[in-house]
Structures are given as C-alpha cells and as structure tokens.
Protein chains: 2
Amino acid sequence: MTGEHKILLSERELPTAWYNIIPDLDRPPAPPRHPATGKPLSPEDLAVLFPMALIQQEASPERFIPIPEPVLDVYRIWRPTPLVRAYRLEQALGTPAHIYYKNESVSPAGSHKPNTAVPQAYYNKIEGTKRLVTETGAGQWGSALSMACNFFGLECKVFMVKVSYQQKPYRRSLMQTWGATVVPSPSPETAAGRAILEKDPNSPGSLGIAISEAVEVAASDPATHYSLGSVLNHVLLHQTIIGEEALKQFALVGEYPDVVIGCVGGGSNFAGLAFPFMRGRLQEGRPTRFIAVEPKACPSLTRGIYAYDFGDTVGLTPLVKMHTLGHNFVPSGIHAGGLRYHGMAPLVSQLVVSGHIEPVAYGQVEVFEAAVLFARTEGIIPAPETAHAVRAAVDEALRAKEEGKPRVIVFNFSGHGHFDMAAYDSYFSGTLVNHEHPQEDIMRALEDLPKVPAEA
Amino acid sequence: MTGEHKILLSERELPTAWYNIIPDLDRPPAPPRHPATGKPLSPEDLAVLFPMALIQQEASPERFIPIPEPVLDVYRIWRPTPLVRAYRLEQALGTPAHIYYKNESVSPAGSHKPNTAVPQAYYNKIEGTKRLVTETGAGQWGSALSMACNFFGLECKVFMVKVSYQQKPYRRSLMQTWGATVVPSPSPETAAGRAILEKDPNSPGSLGIAISEAVEVAASDPATHYSLGSVLNHVLLHQTIIGEEALKQFALVGEYPDVVIGCVGGGSNFAGLAFPFMRGRLQEGRPTRFIAVEPKACPSLTRGIYAYDFGDTVGLTPLVKMHTLGHNFVPSGIHAGGLRYHGMAPLVSQLVVSGHIEPVAYGQVEVFEAAVLFARTEGIIPAPETAHAVRAAVDEALRAKEEGKPRVIVFNFSGHGHFDMAAYDSYFSGTLVNHEHPQEDIMRALEDLPKVPAEA
C-alpha cells in the first residue's frame, strides 16, 4: 500500500465549533408548527421538553457555534476519529477512485450518536435537569445517551421497543452498564403505555409508542427532559464535528472529496459529515456531489413527499416540513432498524428539494453484499445502517472504473455491527430478502397527512 | 482534564521489530520435550504443525526480529494503538497515581490476538500452506485468525467448543463474515471427535478436545498447518509490538511506568506489554514492577507448580516447563473464558520463578465491579479477561492513595466486551459468584503430571 491508512488529528486539533448550515441555505427553513393549532411554534412551546440552549440552537442565525469545554473534554475520549483511506477496498474493486471513510464506530457506544448525546446531556445538566428520558429501537441511540448522562451525572431512562428489548438483550446490558434504567415499551408506567397494553397485553411495541411514553414522562415532571437522537436541527448541528474534522484531514493529504456519501434514517450522520463540505458548494459553488442512501423498505426521500407531518406516530410532536411517507407508515422489518423512520430531517429534506443532495435507495441484500466485501477488505464489520453507505460508495467507485475517471469518495462509517451479527447470519444463511412497498401502501399512509394553514 | 487523553503514534512511528526476551533472561529457557520420549525436541519434530520461520523464532538467539513489510501493512489497519491516560478513573479513585492503558481493543477483531494471527498467517502463506486450522473457546482467537487468513488468502478452519458455538453465535458469525469455516467440536470430522461423540453424543466439548481435533487435521494434511494463539515463545514475541509502541508513547509524555499490569491466561497479552519494559529491568536493573493477574478459578501462577506438562488435555502436544495446574485440571466456568487454561507461557513462568513478575489472583465479582467502574469513567466496556487487569490497576492506584505516594501504572486493555454482555447481565442480576478450587482438586490434577528425564 502506498500511503498511510489512517489520517489522524491530535486532540489539540479537535474543532472547537459546530457548523450551523441555516445561514448558508438558499432560503430560510420552514418553521415547525404546533401539532394542535398548526401555527408556527414559539421557543416556549418547546421548553417543557428541551433546555433553552438547545431550543436556541434549533433556530440559530450563527454560522459557527462554540462547543463548550466540558463537551470537548468528553469528545476527547474518542475524538478526533480517524479518516481512513480504504486501499484494500480500492484494490479489490480495481477502481481508480480514492475511497475514504470517516470512522465514527470508534466511540465507546460504537456509533456517531454520542456526538449529540454528550452536548444534550451537558446543556440539560447546566440548566438543572435531573433526568433525561428517551426512546430507542435497535439501541444505538439509547446506549449513546446512557453513556452521556453517566458522564454528567444525570439519570437516564430509556423506553426500548419491547421486541428489541427481548431480541437484543446485549444492547440493553450496555445501557445498564452505563447506569441507565431501561424499560420495555409499551409499559404500565405511562398512560400511553397502559392504553396500548389494555388493548393488547402482548404488544411488541413500536418506536412511535416508545416516543409517546418518553414524551409523556418528560412533560409530566419538571426535573425531567426529553432527548431526541436525530431529525432536529440541533442534533444535525452537533454531528457536524464529523465533517469539520474531515475537512482538516483532507487538507493534510491534499485531497478534497468529489462525492460525499452517508446513510439516512433521520438524517443526522449524513448531515454530520456532509454539511461542512456542503458549505463549499453553497458558498463557493464547488461541484461536490452529495448522496443520501436510504433503504428501499423505507424510502422517504425517493418515494415520499415534502410536506408538514408529525415526527411521531401518535401525533404529539410538532409538525415539521420534511420528506415523509406519512406518520402512519409502517416500514418493513429490515435489519437496519436505525433507518426505519417515516420522515427525514427538515434540513436534509430542504437540500434535496433544492437539488444539492441526490437520494438513492437500495435493497438490503445488495447492501449486505457490500458489507461483507468491506469486512473482508478493510477488516471492520459495518452496522446494517452503515452498510447502505458502503454500498453506494462501492457503486460510485465501480462507476469511476467504468468511466475510467478517478474521483475522491468519502463516506461516513457511522457504526460497527458488533451488536447486529444476527443480520449477518441471516445474510449467510440465504434467508435475507429485499422489501419494497407497493405504491398503494405509500399512497394510503400519505392520506393521513395533517392539514396546516397555508404558508406566509 | 489537564493533558491529552490519547497518546498517539503515526503509522510512520510503528515499530519495525519484535523484541525477543530470550537473550536477556538470567538463564536459557528449559527446552520443550517430546510428548512420547521426553527428549528435547528438534525443529523437525514441529514441522508438521508449524512453518519453519515460526519454529526458528521459537528458539531464536536474536534480540530483535524484523517485522516483515506485509505484516506491518496489515498492522497499520489499526496500529499503532492508543496509549490512554485514564484521567476520569484517576479522579473517581482520588488517587495520586497516573493510570495509563494500552488500548488493544481497537483491532477489528476487538483484541490483541491479531498481533500474532497476522504474522502466523503470513509466514504460513509464504511457505506454501493453503489452510490454517485452530481451536477457539470464547472466540477471540478464532476471530483473529479468521481475519488474518482472509487478508493473506488462506483458508481457515476453526474448531469451536460446542457449548460456545451454541451460546455465542455472534462470535461464530464474526468468523464466518471473515470467510472462515467454523465447526462445533467435538465433530464427526476427526477420529478424536468421533471417539468423544461415540461415548457421549451430547458432549458440550472442551478446549482440550478442540485442540486435539485441530492438531489431527493439521497433521493429516501437508497443505494444512496448525496455529496457536498463546503460550508459545513466537506468539509472545509477536505481541511485543504492544510494549514497543508503549515505550515510544511514554517517551512522548516524559513518563515511565513504575508498575506494568496484564491479565494472564496463556500469558501472551501480558508478555506483549510487559517484555519490552522488562528489558529495562533485566538489562539495567530498573525497579519497574510487573503484575500478572489471573482468576482465582484458574490459579496456575499462584497455586500451580513449575514443572513439565502437556499443553493440551489429551497429551498430544510437546511437554513444556511451565506453571501448571495439571493438564487434567478443569477450571470452573467463569466468564473470562480466555483465562481458563491449566498452564502458562514458559517465558512468563520462568520470570515468575526468578522473581521478576508478581502474580496475583482475583475472584470474578470484584473483577466485574472494577469493569463497571471503568466503563462508567472511561466509557469503554472491558472484556471479562481484561477486567482482571483493570481490577489490579485500580487496587494499585488505591494503594498509592493510602500510601500518599504517586506512581505511574500501565495496564494492557486487551479487549472489549461487546460479545460478552451476558457476563455483565449476570453481574447486574446478582447471580455472578466467585469460584475457588479446594486444595484437593488441585492436588488431584497435579498427580497426573508426566514424568520426564532429569534435566541436563
């Protein structure tokens, strides 16, 4: 191999500000609206759930927001993360492309999620919150928040979708090791949970139900706040530490990406890597391409519509303008649980509408094929979500080979698959299948979109 | 926190030679002996199992052995590994000690094991071996060798103890993802396996049986060699990359350890960190202390005797002089499966006899208590084996506090616990218990020690 595999930054080179893309957008984001009245939200409407610092970040006009020192200090446990040149993957593909990946799997929780869990815990702590409550499906977000709360001495309560609680006991153990309380949802602890259990005592739960339980607990106790792991502007903001580091790392090797790739569920890991490079496109017209990769089983960007919708299934959250499949859409049970969300971050959605981001969708069989190729060339086992980004990077590199044109590709290696090996088992045993929803399914779910007053 | 958490080396600073401690020992190691005749072994006796390069390394008189470039190139996927200052752990303990850990869990296989799996695969490849066969218990070694064989285009067959094969399906999936064939042992594929299955079709298997199956397969096919993950001199040699890096990293921060700590099963991760620092003690009389930490459930150093014994249960391997509990000793079923070995590396044993290494033993309850403290302060989840080293480091730091005397402590963070969360579950549920063998058990197993001719 010719150069260094890993492009490292020292802790002294850790970026000290997050990048807020809002001031660089073609037009201001559509405001979030009240779920009952449909009117634009005031900061006070959100204060029952979030600390004021995060509410302000949600709509900040500042381009750069300083990262508080106590947050940097926790980041330094695993950050800066390596930018890695995938020489062995390039060689296996015989491509003239240079493939890089930003390895976010090196955090103790195994993914990019702690990048926002840590500041969310910090801002809550300094505003006097005693406890954070959240929901988790596959468990990546729940474990990140458990770890973050542990570092700042906050209690943490996680409503974990019951079927995952039973099927993924090791993610639950991870959260408990970091001191969190994990409750299978639906639970008898909330009115929302009790209502579901009355109808069906054996309900396997869903992310929508778990969100309702978490929001109910947060809203009913002034010392408790709610925490969300994706979608919202402040979450995407915190993730930009990924791309800010990558900018410095590319400068060290004298390259700049032609193509930036990430998988999208709620949109935060993609935005975290992409937005700092998007700045060059928005401010200076750099021709960098941005590819957001979603599963065919939950195709909000490629088959959904751009409209106001609820963030949750029950309809308790604010209305946000985003690509959505409808809040009642139930995606097929694919292994990439972190990508099974009916909506998409409003900032990512707006950049798709304005043509700055290209969405693509893949079936999970071709995605696992790429994951295994990656594991056998680069060594590391990708999470099923991350494997979507790997697939798109491989295809882009193969296109470079066909066209005989080199290019620099970077993708976000958002997490490892150590807690997802059952998915690999199912791939190797040949039982893995692709899921694609018939058009009727999607049209039916879209009928439930809420009505909102015409925009000003 | 005051300084940098992670002391990093660039890939250019990766050491290019392993350290062979043999020339620096007080006296030459006792020679391995033939299992049937008891006479010292010739290199040819081993050639059916190992490539000549490894047989030569086993008894090399050279102090430094250059690392081949193709091995360095694979090492660079994850090496140099970080040396980390455990500021948060120090703070939680209120100790004046500086605690460092060498983080070997960052390899794709999650432990230090690839440090020797990679050169073993390489030397076999260049000498024409087509396939490597080995045994694995908990799965750390099997996954490391699977990954290494994959990189050098060798086939890999792993006999996995049947009870682990069934209880740890995810370790098995990991090996399959890297392309290995995994067979539950005892299997009908070997005479040894068939003999066991005839007596007991439901045998859960054991490491001793799996070794016998692997050795049988290797001995019966000229294109197949056998590979061992600990105990032997060449395995310890390859692991010294850990300590050689750590020496450079301590030089960068201007400190030098007073105490070096590692857990011991076969002894390789301990030796890998310790031997390069032991050089300063042997050559210049530096007063560094070395602590080898074993489980009370398998106390070969603290309760075994120093004598010739077989490396396996069945009695097929050469006789080596080491601390042993007897090859028929069956350690209790603790979670640290990697430490359940009746013997100990001959080089580690000899250094214990000559007073250069202090052995200590812990019960698993106090070990998991330290593991959880570590996870809650430093973030990372230790493997149950690694947790033994954490416990000893914590106790050493508390001793520094009691005595009011600062000291520099370093321990080997040999692996993460992502595939061992069931052990944490059992700790949190209160079902974890300590195991300590009554003296009769140990005396009975020691009665089976083989007779060897008096030493020359």
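Cut-offs used in this document
Residues numbered from 1 in each chain as written. Chains lettered and ligands numbered in written order. Predicted model: local features only at pLDDT ≥ 70, side-chain atom pairs only at ≥ 80, totals over all residues. Heavy atoms only, no water. Pairing = 2+ DSSP bridges. Helix = DSSP H or I, 4+ residues; strand = E, 2+ residues; numbered from the N terminus. Least-squares fit on C-alpha atoms with pLDDT ≥ 70 in both. Contact = heavy atoms within 4.5 Å. Phe/Tyr/Trp six-rings, centres within 6.5 Å; stacked < 30°, edge-to-face > 60°. Lys NZ or Arg CZ within 6 Å of the ring centre and 35° of its normal. Axes fitted to C-alpha atoms, helices over the stretch in contact; angles between N-to-C directions. Buried area = accessible area lost by both parts, 1.4 Å probe. Salt bridge = Lys/Arg side-chain N within 4 Å of Asp/Glu carboxyl O. Polar contact = N/O pair within 3.5 Å; in protein donor to acceptor, adjacent residues only side chain to side chain.

Caption draft 1: Quick look at the sheet that holds strand E1 (residues 6-7) of chain B. All names here are of chain B. With respect to topology, seven strands assemble into an open sheet ordered E1-E4-E5-E15-E10-E11-E14, the strand pairing being mixed. Two strands bound the open sheet, and with one partner strand each, they are E1 and strand E14 (358-362). With three bridges joining them, strand E10 (residues 259-263) and strand E15 (residues 408-413) adopt parallel strand pairing. Within the sheet, the bridge partner assigned to Val259 lies in E15 and is Ile409.

Caption draft 2: Looking closely at the relation of the copies chain A and chain B. Mapping chain A onto chain B calls for a screw motion: a turn of 180° about the axis and a shift of 0.0 Å along it, with 0.0 Å RMSD after fitting. Such a combination of rotation and displacement between the chain copies is what one expects of a two-fold axis. For chain A, the residue whose C-alpha comes nearest the rotation axis is His418(A), separated from it by 3.3 Å. A share of 100% of interface residues in chain A that are also interface residues in chain B marks the association as one of identical surfaces.

Caption draft 3: Broad picture of the packing of aromatic side chains. Going through the model one piece at a time under the given rule, you end up with 32 aromatic pairs over all chains. Between Tyr256(A) and Phe277(A), the aromatic rings sit 5.6 Å apart at their centres with planes inclined by 70°, giving edge-to-face as the arrangement. Taken together, the residues Tyr256(A) in the loop between helix H12 (241-253) and strand E10 (259-263) and Phe277(A) in helix H13 (residues 268-284) connect sequence positions 21 residues apart. A connected cluster of aromatic rings, assembled from ring pairs, spans Tyr100(A), Phe250(A), Tyr256(A) and Phe277(A). Above the plane of the ring of Tyr19(B) lies Arg279(B), whose end atom (NZ or CZ) is 4.4 Å from the centre.

Caption draft 4: A look at the sheet that holds strand E14 (residues 358-362) of chain A. Residues and elements named next belong to chain A. Ordered in space as E1-E4-E5-E15-E10-E11-E14, the seven strands form an open sheet in which the pairing is mixed. Bordering the open sheet on either side are strand E1 (6-7) and E14, each of which pairs with just one other strand. Where strand E5 (residues 98-103) lies against strand E15 (residues 408-413), six bridges are found, and the strand directions are parallel. In the sheet register, Lys102 faces E15, and the bridge partner there is Asn412. Seen against the sheet, H12 touches E1, strand E4 (83-85), E5 and E15 and runs at an angle of roughly 140° to E5.

Caption draft 5: Broad picture of the interface of chain A and chain B. The interface is formed by 45 residues belonging to chain A together with 45 residues belonging to chain B. Both sides of the chain A and chain B interface together cover about 3900 Å² of buried area, and 52% of this is carbon and sulfur. At the boundary of chain A with chain B, the tally comes to six salt bridges. For Lys6(A), the salt bridge goes to Glu11(B), with nearest N and O atoms at 3.1 Å. Connecting chain A to chain B are 25 residue pairs in polar contact (both at pLDDT 80 or more). Broken down by secondary-structure element, the contributors of at least two residues to the side of chain A that touches chain B are helix H3 (69-75), helix H6 (140-152), helix H8 (169-177), helix H16 (364-378) and helix H18 (421-428) of chain A. Ranked by the residues each element gives to the side of chain A that touches chain B, the list is headed by H8(A), at seven residues.

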